[in-house]
Amino acid sequence: MKDRIMNRRTLVVIFAAFLLAYPFLVGQSSYFMSLIAMTAIYAIAAMSLNLLTGYGGQISVGQGGFLMLGTYTAAVLSAKLDMPIWITIPAAGVVAGLVSLVIGLPAVRLKGHFLAVATLGFGLSIPEIALNWKSVTAGYSGLPMMRPEAVSSDLAFFYVILVVTMVITWILLNIANSRLGRAFLAIRDSEIAAAATGINVAGYKTIMFMIAAFFTGIGGGLYAYWIEYVSPNDFTIMTSFFLLAMIVVGGLASIWGAIVGAILFTIIPHFADSYVGVTNLIIGVAVILIILFRPSGLISIGELFGRNLKTKELESAPVKPDQKQSSEVTDAKF
Amino acid sequence: MEQIVISGLIFGCVYGLAALGLVLIFRTTGLVNFAHGEMAMVTTFVAFTFLSTFELPFFVSFLLAILFAALFGVLIYLVLIRHVGDASHLNQLVLTLGIFLAVHGGAGLIWGHTPTSFPRALDGSSIQLGPIFISPNELFVLVVTFILAMALFALFRFTQVGLSMRASSQDLTAARLMGINVNFVFMVTWASGSVLGGIAGLLTAPFTFLGVSMMFNVLIMAFAAAVLAGFLSLPGAVIGGLIIGIFGNLVSYYWAPEMALVCTFVLIIVVLYIRPQGIFSAPEAIKKV
């Protein structure tokens, strides 16, 4: 066991070192830096969604809406009210969190497909509202942004995104391993059993929605500063679909799985974008193949090599979801 | 006012048909099909190919496209859906999302991304009925919806397959023990669901346009209708579709077309907050979830 943990720690350190050195490996090319910056932003959203969906079992098909809330909050506060970045980014998270409370109130009572459709409606509505609330969002034309003086270069802001992403990853890993994370798993496995063990199901579900929305909102805020321009087309309902696909392809109930999914889904368009629509085809086929042949996600491939990336993460979990899911696979095969 | 309600009713019929397919598949197989709209889009493109490339008459193309829709539904079920029958809801949902993306991308490669127009079933000038005007094509939509709803009712009520479908939706294990070939029942369900969606697509195309994204809005509204109906009731799905169609049309006329979607979902959130099981389902109906 100690070997495995060491192994995992070494991997993470190597990965982090690679990311820190990355801008110099690609000669500070803004295209390749943007690729990783976008991966980081999607990773933040995917990790948050995985906390909600993978750990908590609450399907959200509208997480892209919270990304967009984050971008617009940061953009409006910065462009119209001239607020500094250390207020706008946290505010992006707080606004997304508060809105999730409004969405979460009915959502707490909903289950399965009802929740999926309710969140789908949310994800669809936010871009429409951004388009139509012209006095605040400037509609189609969008809002321009300015990075603060100290981090105005691409290189400097790349590191800002990287550091924030790493901090959020660390926080989410800890949440997943805490009392909260265990309560989420219990709610996912059986709400009745969770309630019987004294877990406040409605309360924890609300907290789940708020945490996921808060961090996704921060990711949206970072996006606004990275692109330096926000428009209603930045995050469509497709973004929400991709986020859901990321966590399933990467691995449900695994923070690292969400990162793997985010990396994969940012790299596929990079190679496939020369033809319109090919990206969708490839991602669609990838999702279908993963669900059919590897339902616990790509992260579970690590287990084949005896390098269980999930081990530490799930040691204290009441039910190991990868075991539960692999039993479902065998069921499905027969 | 009456005119807006009537044109909302026409859209409502299309939403209702698409919702009917969704609900049919959900109540028998327990799966929410996100690829419903894209499968319908493919059917519509197939009809268009028959019309334009082979220059067949409209109604022959219509029937051939429906036949294609049935085969396509069976194919999707046999090749993909059958293998996740026992997987978690989330995996099933994401699989249909994957089919959605793959079909969307594939159709774009085959038929391109430029929208074209689709011929109407019936041409001719509008007929005046009291204060309202209605075109023969709109009348066609109303009649087709009514016939399909009745046919589906007859299928469920009077045929052996319909009985098996009702049995499978109530209890799969018991249905198997009673000697029902569940695999066949599911194939019929997917075929009829796909046909209903396909007809919705064929009816939508003349009003909007023919393109790979044509069914997206219809799918969303069909979801709204299905949720309003509680995802289990077939008559509820049609009524839900009509409500959503009229409501959306009123909002887009009196406020803004883009706000129709937002208001529809606010309506749904409000309805679900009051009745989490939907308007037309009894509270016990959600025990399966």
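It should be emphasised that the depicted structure is a prediction, and the values quoted were computed from it without experimental measurement. (Residues numbered from 1 in each chain as written. Chains lettered and ligands numbered in written order. Predicted model: local features only at pLDDT ≥ 70, side-chain atom pairs only at ≥ 80, totals over all residues.)

Draft legend 1. The overall build of chain B, seen in detail. Helices and strands together make up the secondary structure of chain B, namely eleven helices and two strands. Reading chain B from its N terminus to its C terminus gives the helix and strand order α-α-α-α-β-β-α-α-α-α-α-α-α. In terms of overall dimensions, chain B is globule-like: its C-alpha atoms have a radius of gyration of 19 Å, near the 19 Å expected for 289 residues. Based on the C-alpha atoms only, the size of chain B along its principal axes is roughly 55 × 50 × 35 Å. In chain B, which comprises 289 residues, the share counted as buried stands at 49%. Nonlocal contacts in chain B, meaning residues at least 24 apart in sequence, comprise 72% of its contacts between residues at least 6 apart. (Helix = DSSP H or I, 4+ residues; strand = E, 2+ residues; numbered from the N terminus. Rg over C-alpha atoms; globule rule 2.2 N^0.38 Å. Buried ≥ 20, exposed ≤ 12 C-beta atoms within 10 Å, placed from the backbone. Contact = placed C-beta atoms within 7 Å.)

Draft legend 2. Quick peek at the interface of chain A and chain B. Contacts between the two partners involve 40 residues from chain A and, on the opposite side, 42 residues from chain B. Of all elements in the fold, only α5 (112–132), α11 (237–250), α13 (278–293) and α16 (321–333) of chain A reach the threshold of two or more residues within the side of chain A that touches chain B. Tallying contributions element by element places α5 of chain A first for the side of chain A that touches chain B, with 14 residues.

Draft legend 3. Geometry of helix α2 (residues 30–55) of chain A. Residue and element names in this part refer to chain A. For α2, built from 26 residues, the straight-helix expectation of 38 Å at 1.5 Å per residue is met to within 8% by its first-to-last C-alpha distance of 35 Å. For α2, the principal kink sits at Leu49 and spans about 30 degrees. Of all 26 residues making up α2, 20 are buried, and the element is well covered by its neighbours. Immediately downstream of α2, the backbone of Gly57 shows phi near 75 degrees, a positive value. (Expected span 1.5 Å × (residues − 1). Bend = angle between axes of the 7 residues up to and from the residue.)

Draft legend 4. Up close: unusual backbone geometry. Residues and elements named next belong to chain A. The backbone phi angle of Asp82 is positive, close to 60 degrees, even though this residue is not glycine. The residue Asp82 is located in the loop between α3 (63–79) and α4 (85–107) in this model. For Asp82, a count of 9 C-beta atoms within 10 Å gives the class exposed. Although it is not a glycine, Glu228 sits at a positive phi angle of roughly 60 degrees.

Draft legend 5. Up close: the confidence of the model for chain B. Residues and elements named next belong to chain B. In the predicted model, chain B carries a mean pLDDT of 85, and the fraction of residues at 70 or more is 97%. The secondary-structure element of chain B with the lowest mean pLDDT is strand β1 (residues 127–129), recorded at 76, while helix α3 (residues 58–79) shows the highest, at 92. Note on residues 285–289: pLDDT under 50 across the span, and seven contacts to partners over four residues away in sequence or across chains. In the predicted assembly, ipTM is 0.84 and pTM is 0.84. (pLDDT = per-residue confidence, 0-100.)

Draft legend 6. Layout of helix α9 (residues 216–229) of chain B. With 14 residues, α9 of chain B ought to run about 20 Å at 1.5 Å a step, and its terminal C-alpha atoms sit 20 Å apart, in line with that. Among the residues of α9 of chain B, Val218, Leu219, Ile220, Met221, Ala222, Phe223, Ala224, Ala225, Ala226, Val227, Leu228 and Ala229 of chain B are the ones counted as buried. Those residues of α9 of chain B that are buried are in contact with α5 of chain A together with α1 (2–29), α2 (36–52), α8 (182–204), α10 (234–254) and α11 (259–274) of chain B. The first or second residue beyond α9 of chain B is Gly230 of chain B, which carries a positive phi of 90 degrees.

Draft legend 7. Geometry of the environment of Gly98 of chain B. Its location among the elements puts Gly98 of chain B in helix α4 (residues 89–111). In this structure the C-alpha to C-alpha distance between Gly98 of chain B and Phe34 of chain B, which are 64 residues apart in sequence, comes to 8.8 Å. Among residues more than four places away in sequence, those in contact with Gly98 of chain B are Ala245, Gly284, Val287, Ile288 and Ile291 of chain A.

Draft legend 8. The environment of Ile25 of chain B, seen in detail. All names here are of chain B. For Ile25, the position within the fold is in helix α1. Between the C-alpha atom of Ile25 and that of Ala175, which follows or precedes it by 150 residues, the distance is 17 Å. If near-sequence neighbours (up to four positions away) are discounted, Ile25 is found in contact with Leu31, Asn33, Thr189, Trp190 and Gly193.

Draft legend 9. Local environment of the environment of Ile187 of chain A. Residue and element names in this part refer to chain A. Note on placement: Ile187 falls in helix α8 (residues 179–189). Ile187 gets classed as buried once you count the C-beta atoms within 10 Å, which come to 23. Beyond its immediate stretch of four places on either side in the chain, Ile187 contacts Gly56, Gly57, Ala194, Ile199, Val201, Tyr204 and Lys205.

Draft legend 10. Expanded view of the confidence of the model for chain A. Put simply, chain A has an average pLDDT of 82, and 87% of its residues get 70 or more. Contacts of residues 308–334 of chain A to residues separated by more than four positions or lying in other chains number 47 contacts, the stretch itself having pLDDT below 50.

Draft legend 11. Spatial organisation of the packing of helix α6 (residues 160–170) of chain B against α8 of chain B. Residue and element names in this part refer to chain B. Two elements in contact, α6 and α8, have axes whose closest approach is 10 Å; the angle formed by their N-to-C orientations is 105 degrees. Judged by the angle between their axes, α6 and α8 are roughly perpendicular. Judged by residue contacts, Val161, Ser164, Met165 and Ser168 of α6 engage Val182, Val185, Val188 and Thr189 from α8. Broken down by class, the residue content of the contact of α6 with α8 amounts to five nonpolar, three polar and no charged. (Axes fitted to C-alpha atoms, helices over the stretch in contact; angles between N-to-C directions. Parallel < 35°, antiparallel > 145°, perpendicular 65-115°, else oblique. Nonpolar A, V, L, I, M, F, W, Y, C, P; charged D, E, K, R; others polar.)

Draft legend 12. Inspection of the packing of α3 of chain A against α11 of chain A at higher detail. Residues and elements named next belong to chain A. In the contact formed by α3 and α11, the axes pass within 7 Å of each other and the chain directions differ by 120 degrees. Looking at the two axes, α3 sits oblique to α11. For the crossing formed where α3 meets α11, the hand is right-handed. Across the interface between the two elements, Gln63, Gly64, Gly65 and Leu67 of α3 pack against Ile237, Thr239, Ser240 and Leu243 of α11. Of the residues that constitute the contact of α3 with α11, the class distribution is three nonpolar, five polar and no charged. (Left-handed = near helix turned anticlockwise from the far one by under 90°.)

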